[in-house]
Amino acid sequence: MKLRSFPPFVRLLTVLLAMFLVAAACGGDDDGAGNADAGGEGGEKLSGSISIDGSSTVAPISEAIAEEFRTEESGVQVAVGTAGTGGGFKKFCADEIDISDASRPIKDEEIAACKTAGVDYTEFRVGLDGLAIVTSSKNQFLECLSLEQMASIFKEGGATTWDQVDPKFPKEKVSIFAPGTDSGTYDFFVEEVLGDPKKLESLKPRTDYTASEDDNTLVQGLSGQENSWGYFGFAYFNENKSKLKDIKVSAEDGKCIEPSDETVESGDYPLSRPLFIYVKNSSLKRPEVKGFVKFYLETTPDLIEEVGYTAAPAEDYEKGLAALEASA
Amino acid sequence: MTAALPRTGITRKRSNVSERVIVGLLLVCAVVSVLVTLGIIAVLAGETLSFFRSVNPFKFLTGTKWAPAGGSGAGGEYGVLPLLNGSLMIAGGALLVGLPLGLATAVYLAEYAPPRVRGILKPTLEVLAGFPTVVVGFFALNFVTPFLLRPLFGDDRVFIFNAAAGAIAVGLMILPLIASISEDAMRAVPQALREGALAMGASKRVVTLRVVFPAALSGIVASVILAVSRAVGETMAVTIAAGNTPQITTNFFGSIQTLTAYIAQTVSGEAAAGTVRYESLFAVGTTLFVLTLGMNLISARIVRRYRQEYQ
Amino acid sequence: MTAAAVEPRPGILRITLGKGATRTKANIVLDGVFAILLLVGTFLGVLAVGLLLYSLYDRGWTRLADDPAAFFTNFVSRFPARAGIKAAIYGTVWLMGLTTLFSFPIGVGAAIYLEEFAKKNRFTNVIEANISNLAGVPSVVYGILGLGIFVRFFKMGPSLLAGGLTLAIMSLPIIVIAARESIRAVPRSIREGSLALGSTNWQTVRRLVLPAALPGTMTGVILALSRAIGETAPLLVIGAAVSIFNTPNDVRDPFSALPVLIFNWTSRPQAAFTDAAAAASIVLLAMLLAMNAVAIFVRNRFSTRW
């Protein structure tokens, strides 16, 4: 094979790639051995594999836990996918995965599907995702909005200029950037602010706003327009504080609450959605799964903020651990 | 045209048997494609039918509002025209970008470029085909919109998510399809034809346009059909650059949503399996399938008519 | 059109050069304009590639150059500085191998059958229309197909095998169409000469037509596999893992892949993850180039002009 017959840059890249692959093959290690072992945890080492799939919101938590779990129990192989909460439940109720990551509670149709398939499960609450209401950092007048005001913005036929929301606001165009209709964040916001879609008296959400799949691109849209308004998970605001301004939220009592880890955890901030994992009871009978879930509930409060979410109240984790013991 | 090879009468019996076995194997390969289509129909059909039990097909096909219900899927509006509009805008815009650039590149590489240049350029453009679609999408959002579209057309007119950026992204992705396959087709034209025309005093341009192009037309048309198909089926890049706002519009500077974007969004989203909203993605998939089938049948008829002229 | 049609047979193809054949001043100017337009068109395409590469370099090179060994040998992590692509690289390499293994023979086989052995009847027309149509099916629908048939029906689970088969099916139409075009372009005289010397149809195909058609076929393979290596949606639907901490040993193992990882990292709030995604994209492109280099080598080796 004449190397000469390749154009020069292709040759270079082939060589580079070969070097990298060799380095990768020799340098790292494969399944199991992992990084420095957390020396002698005592007892037998667990082994087996655990499959997790579902919400891409909860996946980073599962990933972080799997990462830490691996240092203690290197024999257990964990794989985390992101097929979406709906997709995750479908696989879960088809008995294809052990754990379903979910950014919302299981729905009736899914409960029925699990029942038909004979899949019994346990629900564990693992954290909270505060919803930040944001506008551009250039915005002058938005400080605090009530839930009613936000309903008047996001409902069908909602406000087109800001003075319709509050007479004190200027008559500037309202530019809305929010997640699309398939997003769990959207579902949660609509349900909290406009009312349960199943109920007749609830308001319908408007459809003429700028929707995007990707929260990072929403950040760009929001920061670029002075009178923008939108919402997404608190972590995206945290990472972009220089470009965005968060709007305080007031519930019935009229007190304006700023989103933060403390207010979300205490429940003072009205807009935070719980995050769950659902685990098959049949899987819990396996020691590696039980050990993993136990580790999950014990460790999440410590590292969840690194991933951008907030810890649930301590009782939630304790209840989970109790349910875990009971399922033995 | 190349008909099937004639049966020769001089073949030995032994090679006749092995020949039939080989041809049989080849036939199986061809039939795989039919199996794939049947598979697609199989996975789409059930949920699509279920969807049409809840939503009137006529309203689906003629409705102008696409607003799937949040949450449990109750009370959504499912008129597919906005999504169709989005898909056609992206495919049309992508062709506008990809076709001239692709053909120009193909002609240049096949007829004008010295061999060393061709050796570097052709693989370079094929790299364009391999960029992860997510990357091209972000390129359109972060480079094309702020540095190309907005300076040219004004910050106010060009929305941050716009169909034009999406069309450019997809156009860039189909460029290598058109360029590479057309170029191969042009290179396959026998030299004798070119030399004959040149000998008659034609310039290179005339040889290219009047001799090589018509001779290579089959390959060129095939590449364009592939390109259009790919453009209609592209998902990620469009979602990122053009946003996900389903609306009927001709404004290329506003946000739209395509059929494929909706499918991808819903299949990996929050919708619970068994709800109308989840099933809607299958109905949209079926619509897309029928759409591309229609496009292919029409273009096949056009190609066949062209071929007639050369018989 | 087909090469056969342009053979100098009386009455088949009349090439008229028209008035353009004379060297008038206007025509000479037109010649120049034409050449310039071609250059501009080509240049714009190359410029696009350059800008795309630059956009990746801009965000990703520092991340990659900082500590390449760690980037390649680490598994994923919640800390962007520690996150690496080891599992994803292995997954992508395995997937590409499987995809090529399945799509190349079936694709070329189908093309040969359709061009050389099929009779012109309705059955053949259906297959042809079918393949063109499959080229336009969005990748996410192939993902749904793969999930329903390979993952569930054949019980392969979200394994490399299911992923490879799905991507192979997705790549088939492009390979078949490109291969067909290049087979069709082989001049008829070559075939007839071979048959006149007593070869069977298959011998003619195997010894003459295929090698001649190989360059065009390789183009199709390159384009199809280039697309497959960067596809995200079908893999996500099948159940490719974003976070996995071991490399696959077997085609039935679960897997991760570079495009899935890139997509996931770009959606995380931390800006450092976007840099890591850009760095991973650079690696993906390097792998793509290496893969294409092999195919290009084959293409150049067999390239002939009649």
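Residues numbered from 1 in each chain as written. Chains lettered and ligands numbered in written order. Predicted model: local features only at pLDDT ≥ 70, side-chain atom pairs only at ≥ 80, totals over all residues. Heavy atoms only, no water.

1. A look at the overall build of chain A
Convention followed: To qualify as a helix, a DSSP run of H or I must reach at least 4 residues; to qualify as a strand, a run of E must reach at least 2; elements of each kind are numbered from the N terminus. Whether a residue is buried, partly exposed or exposed follows from its accessible area with a 1.4 Å probe, protein chains only, as a fraction of its type maximum: under 20%, in between, or over 50%, in that order. Residues are treated as being in contact if the distance between any of their heavy atoms lies within 4.5 Å. For the area figures, the Shrake-Rupley method with a 1.4 Å probe applies, and any residue is considered shielded solely by the protein chains shown.
For chain A, the count of helices and strands is twelve helices and eleven strands. Buried residues in chain A amount to 54% of all 328 residues. A separation of at least 24 residues holds for 74% of the contacts in chain A among residues at least 6 apart in sequence. Roughly 13800 Å² of accessible area belongs to chain A as shown, and the carbon and sulfur atoms make up 51% of that amount.

2. Remarks on the overall build of chain B
A tally of regular secondary structure across chain B gives twelve helices and two strands. Ordered by position in the sequence, the α and β elements of chain B form the string α-α-β-β-α-α-α-α-α-α-α-α-α-α. Dimensions of chain B, computed from the C-alpha atoms along their principal axes, are close to 70 × 60 × 35 Å. The buried share of chain B, reckoned over its 311 residues, is 62%. Pairs at least 24 residues apart make up 70% of the contacts formed inside chain B by residues separated by at least 6 positions.

3. Considerations on the confidence of the model for chain B
Residue and element names in this part refer to chain B. Let me state the cut-off plainly: The predictor attaches a confidence to each residue, and that confidence, scored 0 to 100, is pLDDT.
Overall, the prediction assigns chain B a mean pLDDT of 83, with 91% of residues at 70 or greater. When pLDDT is averaged over each helix and strand of chain B, the minimum, 79, is found for helix α12 (residues 276-309) and the maximum, 91, for helix α3 (residues 81-112). The complex model carries a pTM of 0.83, and its ipTM stands at 0.80.

4. Some words on the interface of chain B and chain C
Let me state the cut-off plainly: Two parts placed together each lose some accessible area under a 1.4 Å probe, and adding up what both lose gives the buried area. Just to be clear on terms, a salt bridge is a Lys or Arg side-chain nitrogen sitting within 4 Å of an Asp or Glu carboxyl oxygen. Amino acids are sorted into nonpolar (Ala, Val, Leu, Ile, Met, Phe, Trp, Tyr, Cys and Pro), charged (Asp, Glu, Lys and Arg) and polar (every other residue, Gly among them).
At the junction of the two partners, chain B supplies 106 residues and chain C supplies 109 residues. Approximately 9500 Å² of surface area, both sides summed, lies buried where chain B meets chain C, with 73% of it carried by carbon and sulfur atoms. At the boundary of chain B and chain C, one finds two salt bridges. In this structure, Arg205(B) engages Asp31(C) in a salt bridge whose closest nitrogen and oxygen atoms are separated by 2.6 Å. With 17 residues, the single largest contributor to the side of chain B that touches chain C is helix α1 (residues 13-54) of chain B. Each residue belonging to the side of chain B that touches chain C can be placed in one class, and the counts come to 69 nonpolar, 25 polar and twelve charged.

5. So, the pattern of salt bridges
Opposite charge on two side chains permits pairing when their charged atoms draw close. According to the stated counting rule, one finds 37 salt bridges over all chains in the structure shown. For Glu63(A), the salt bridge is made with Arg268(C), and the minimal N-O distance between the two is 3.1 Å. Here Glu63(A) is found in helix α2 (residues 59-72), whereas its partner Arg268(C) is found in the loop between α11 (258-266) and α12 (271-301) on a different chain. Comparing Glu63(A) with Arg268(C) shows no difference in burial state: the two are buried.

6. With respect to a nonpolar patch on the surface
The condition is simple: Two distance rules govern patches: like charges are joined within 9 Å, and nonpolar side chains (Val, Leu, Ile, Met, Phe, Trp, Tyr) within 5 Å, applied only to residues with over 30% relative accessible area and no salt bridge.
Taken together, the side chains of Ile36(C), Val40(C), Phe43(C), Leu44(C), Leu47(C) and Leu51(C) make up a nonpolar region of the molecular surface, amounting to roughly 520 Å² of accessible area. Look at Phe43(C) and you get exposed, because its relative accessible area is 51%.

7. Comments concerning the nonpolar core
In plain terms, the rule: We define the nonpolar core as a collection of buried residues of types Ala, Val, Leu, Ile, Met, Phe, Trp, Tyr and Cys that are connected through side-chain atoms lying within 4.5 Å of one another.
The biggest cluster of nonpolar side chains holds 278 residues, and the ones touching the most others in it are Phe154(A), Trp229(A), Leu271(A), Ile85(C) and Trp265(C). Here this core takes 16 residues from helix α6 (residues 163-187) of chain B, the largest share from any one element. For Leu271(A), the residues in contact, after removing those within four places along its chain, are Asp129(A), Gly130(A), Leu131(A), Ile133(A), Leu147(A), Met150(A), Phe188(A), Phe189(A), Glu192(A), Val193(A) and Val249(A). Ranked by size, the runner-up nonpolar core spans ten residues in total, among them Phe89(A), Cys114(A), Phe276(A) and Tyr278(A).

8. Focus on helix α9 (residues 201-229) of chain C
Residue and element names in this part refer to chain C. What counts, and what does not: Expected helix span is given by 1.5 Å per residue-to-residue step, counting one fewer step than there are residues. Think of it this way: the bend at a residue is just the angle between two axes, each fitted to seven residues, one set ending at that residue and the other starting at it.
In a regular helix each residue adds 1.5 Å, so 29 residues correspond to 42 Å; α9 covers only 36 Å between its end C-alpha atoms and thus falls short of that length. Bending of α9 peaks at approximately 50 degrees at the position of Leu214, with proline Pro215 no more than four residues after it. Of all 29 residues in α9, 23 are buried, a share of seventy percent or more.

9. As for the packing of aromatic side chains
Just so we agree on the cut-off: Stacked, tilted and edge-to-face are the three classes applied to pairs of Phe, Tyr and Trp rings, where Trp contributes its six-membered ring and a pair requires centres within 6.5 Å; stacked means planes under 30 degrees apart, edge-to-face means over 60, and tilted covers the rest. Only when the NZ of Lys or the CZ of Arg is both within 6 Å of the ring centre and within 35 degrees of the ring normal is a charge said to sit over the ring.
Counting across every chain of the model gives 39 aromatic pairs over all chains. Pairing Phe154(A) with Phe189(A) gives two aromatic rings, centres 5.5 Å apart and planes at 85 degrees, and the pair type is edge-to-face. Highlighted residues: Phe154(A) in helix α5 (residues 147-154) and Phe189(A) in helix α6 (residues 184-194), separated in sequence by 35 residues. When the ring of Phe143(B) is compared with that of Phe147(B), the centres are 5.9 Å apart and the planes differ by 85 degrees; the resulting orientation is edge-to-face. With Phe143(B) and Phe147(B) both in helix α5 (residues 133-153) and four residues apart, this pair spans about one turn of that helix. When the ring centre of Tyr112(B) is taken as origin, the NZ or CZ atom of Lys204(B), which lies over that ring, is 4.8 Å away. The ring of Phe273(C) has Arg268(C) lying over it, and the distance from NZ or CZ to the ring centre is 4.8 Å.

10. Quick word on the state of the cysteines
Residue and element names in this part refer to chain A. Formally: In this description, the term disulfide denotes a pair of cysteine sulfurs within 2.5 Å.
Taken as a whole and assessed by the stated rule, the structure comprises two disulfides over all chains. Across a sulfur-sulfur distance of 1.9 Å, Cys93 and Cys114 are joined as a disulfide pair. One disulfide, between Cys93 and Cys114, carries an S-S torsion of -75 degrees and so falls in the left-handed class. Of the two residues, Cys93 is situated in helix α3 (residues 84-93) and Cys114 in helix α4 (residues 108-117); the sequence distance between them amounts to 21 residues. Each sulfur in the disulfide pair Cys144 and Cys256 lies 1.9 Å from the other. The S-S bond linking Cys144 to Cys256 shows a torsion near -95 degrees; that makes this disulfide left-handed. With Cys144 in strand β5 (residues 144-146) and Cys256 in strand β10 (residues 256-257), this pair connects stretches of sequence that are 112 residues apart. Assigning the bonded cysteines of chain A consecutive numbers by sequence position, one obtains the connectivity 1-2, 3-4.

11. Some words on the domain arrangement of chain A
All names here are of chain A. The condition is simple: Residue ranges labeled as domains rest on an automatic or database domain assignment. Distance and chemistry together define a polar contact, namely a pair of N or O atoms within 3.5 Å, with one atom able to donate a hydrogen and the other to accept it when in protein, and with adjacent residues in sequence counting only for side-chain atoms on both sides.
What the domain assignment reports for chain A is domain 1 (46-127 + 275-326) and domain 2 (129-272). Here the C-alpha centre of domain 2 lies 29 Å away from the C-alpha centre of domain 1. Between domain 1 and domain 2 lies a buried interface of about 740 Å² when both sides are counted; carbon and sulfur atoms form 47% of it. Our enumeration of links across domain 1 and domain 2 arrives at zero salt bridges. If you look at where domain 1 meets domain 2, you find one residue pair in polar contact (both at pLDDT 80 or more). When the residues that make up the side of domain 1 that touches domain 2 are grouped by side-chain class, the tally is five nonpolar, four polar and three charged.

12. Re α3(A)
Think of an α-helix as 3.6 residues a turn; residues three or four steps apart then line up on the same face. Across the ten residues that make up α3(A), a large majority, nine, are buried. Just downstream of α3(A), Asp95(A) is the residue with a positive phi angle, here 65 degrees.

13. A short note on the pairing of strand β1 (residues 48-54) of chain A
Residues and elements named next belong to chain A. What counts here: Between any two strands, at least two bridges found by DSSP are needed for them to pair. Throughout, right-handed denotes a crossover for which the path from the first strand over the helix to the second runs clockwise when the strands point away from the viewer.
Relative to strand β2 (residues 76-81), β1 is paired through five bridges, and the arrangement is parallel. Bridge pairing in β2 links Ser51 to Ala79. With respect to chirality, the unit in which β1 leads through α2 into the neighbouring parallel β2 is right-handed. Bridge analysis of β1 against strand β3 (residues 99-102) gives three bridges, and the strand direction is parallel. The residue bridging Gly54 from the neighbouring strand is Asp101, located in β3.

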